[in-house]
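# Inside the fold
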Amino acid sequence: MKRNVLAVVSICLICSAIYAYNPPVNGENFLELSSPRQLTDASSSSGGGIFYAGPESLNVNPALPASEQRNVVNLAYTALFSSNSEDTKTYGNAFQAGILIPTKFAVYSAYMNGTMIPFVDMNLGNSFTIKGGLSKEVTEKLNVGLNMNSGIFWGANTDWAASINLGFVYNQGKVGFLKDFRYSAALLNLGKTFTNTTLPGINPEAETGIFPMIGTLKLGCAALLAQTSVIKLGASLEITTPAFMNVITDLGLQFAVKDMLYITVADKFNLRELINGHVDVIPSVGLTFRFTFDVKNNQYLEKNGWSQSEMSTAVAWKQLYKNINAVSAGVDLNLGLKDETPPVITIKFEDDEE
């Protein structure tokens, strides 16, 4: 174990020596702009205060989907508006689509993301990313996972990316007054990311570095702070260290009523961006509504147990770097209902015949 940790640290230090750290503004988190859940889940590799895992979880921890029992389809879109008078284009956008497919062996995931943001305050160019992942429950408490990433970039030179992500989540259960306490770690971007761009970095006077950074380590924890039959209150904390050259802290708070209405608030503190004058400290706010619906007289859905399913619709808002506002909307479709009734085993003893 110690050798593995030393190997990871060595790799990250080598990356630090090869590449100067100067990503574009929000370059470490550009994949997290495309959906309301990602804007407000505080980049949680532990699944957030009130646990959730979907296709976009591959961006922060590929182990998260392992406990999902149902097929999940996800679609989301984010519109970004700039009020900076220096911008020639005042509209940008990001979108995503994904799917989870659980099997007896593991949960398979696929995810795609497009980001097109041309602002002076946050210029991320144009990119398209595809991810494919596999996650598995090793024990009742431990989930592990990995995914492969590929992407293309254009608009400020052209480039390509290919890498893998690794991660785990451990559910400790109850710790003191905390319930459903989880901690996690993920090692992201092991491979080639975008290295050949002319985008301005967080320090405009230095040469632009790669993004997202190779060897990015995420450490997180999350738990329920309070739970009754009506409400839940959860919180998450995440610390991200891109090759040990920056520190990004994410804080999230989630509140649920009857597992139907969810209110989420999250904030991010990027040390290197703050040092270079890129202030982004206003929390994001999100609202999610989950409901169950029935589809009758459809033999295909009934055959697969999908005639009763759940749908979640979500919206979120976040102000980025004073001049940019992001408005996001998305939908998650969970095919079927959770099986929350454990099997009952009955043992009958026959009376001895006289």
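What you see is a predicted model, and the numbers here were worked out from it, not measured in a lab.

All right, on to the overall build of the protein chain then. Of the regular secondary structure elements, the protein chain holds 4 helices and 14 strands. Residue burial in the protein chain is summarised as follows: out of 354 residues, 49% are buried. Just so you have it, the protein chain exposes about 17600 Å², and 62% of that area is on carbon and sulfur atoms.

Moving on to the pairing of strand β3 (residues 107–118). Summarising the sheet, strand β2 (residues 91–102) and β3 pair through 10 bridges and their orientation is antiparallel. Looking at β3, one finds that glutamine 96 is bridged to asparagine 113. Where β2 folds back on β3, the antiparallel hairpin that results is connected by 4 residues. The turn joining β3 and strand β4 (residues 123–137), which pair antiparallel and follow one another in sequence, is formed by 4 residues.

This brings us to the environment of leucine 271. Tracing the chain through its elements places leucine 271 in helix α3 (residues 271–275). Residues leucine 271 and isoleucine 248 lie 23 residues apart in sequence; the distance between their C-alpha atoms is 6.2 Å.

With 28 residues, the main nonpolar core has Leu33, Leu80, Ile117, Met122 and Leu320 as its most contacted residues. Of all the elements in the fold, those that place two or more residues in this core are β13 (308–320) and β14 (324–335). If near-sequence neighbours (up to four positions away) are discounted, methionine 122 is found in contact with Val25, Asn26, Leu33, Leu80, Ile117, Leu320, Tyr321 and Ile324.

What follows deals with the packing of aromatic side chains. Applying the stated criterion across every chain yields a total of 9 aromatic pairs. With a centroid separation of 5.4 Å and 75° between ring planes, the pair formed by phenylalanine 30 and phenylalanine 211 is classed as edge-to-face. Within this pair, whereas phenylalanine 30 is found in the loop between α1 (2–18) and α2 (36–40), its partner phenylalanine 211 is found in the loop between β7 (178–192) and β8 (216–227), the two being separated by 181 residues in sequence. Classification of phenylalanine 30 as buried rests on a relative accessible area of 4%. Overall, phenylalanine 211 belongs to the buried group, its relative accessible area being 1%. Three or more aromatic residues joined by ring pairs form one cluster here, namely Phe30, Phe153, Phe194 and Phe211. The residue whose ring lies beneath arginine 37 is tyrosine 52, and the NZ or CZ to ring-centre distance is 3.7 Å.

Our next topic: unusual backbone geometry. Following phenylalanine 211, the chain continues into proline 212 via a peptide bond in cis, with omega recorded as -20°. Despite not being glycine, asparagine 157 has its phi angle at roughly 70°, a positive value. Topologically, asparagine 157 is positioned in the loop between β5 (142–154) and β6 (159–175). Despite not being glycine, alanine 243 has its phi angle at roughly 55°, a positive value. Structurally, alanine 243 is set in the loop between β9 (231–242) and β10 (248–257). On the accessibility criterion, alanine 243 (0% relative accessible area) is buried.

What counts as what
- Within each chain, residue numbers correspond to sequence positions counted from 1 in written order.
- Only residues with pLDDT of at least 70 get local features here, since the model is predicted, and only at 80 or more are side-chain atom pairs given and counted; chain-wide, interface and lining totals rely on the full set of residues.
- Note: side-chain values were computed over all heavy atoms of the structure, leaving out hydrogens and water.
- Strands are runs of DSSP state E lasting at least 2 residues, helices are runs of H or I lasting at least 4, and numbering of each runs from the N terminus.
- Burial classes: relative accessible area under 20% of the type maximum marks a residue as buried, over 50% as exposed, and values in between as partly exposed (1.4 Å probe, protein chains only).
- Using a 1.4 Å probe, accessible areas were evaluated by the Shrake-Rupley method; residue-level cover was limited to the displayed protein chains.
- Between any two strands, at least two bridges found by DSSP are needed for them to pair.
- As used in this record, nonpolar core signifies buried Ala, Val, Leu, Ile, Met, Phe, Trp, Tyr and Cys residues forming a set joined through side-chain atoms within 4.5 Å.
- Residues count as neighbours in contact if any of their non-hydrogen atoms are within 4.5 Å of one another.
- Centres within 6.5 Å are what make two rings of Phe, Tyr or Trp a pair, Trp counting through its six-membered ring; a difference in plane orientation under 30 degrees is then read as stacked, over 60 as edge-to-face, and the rest as tilted.
- Here, over-ring charges are defined by two tests on the NZ atom of lysine or the CZ atom of arginine: distance to the ring centre within 6 Å, and angle to the ring normal within 35 degrees.

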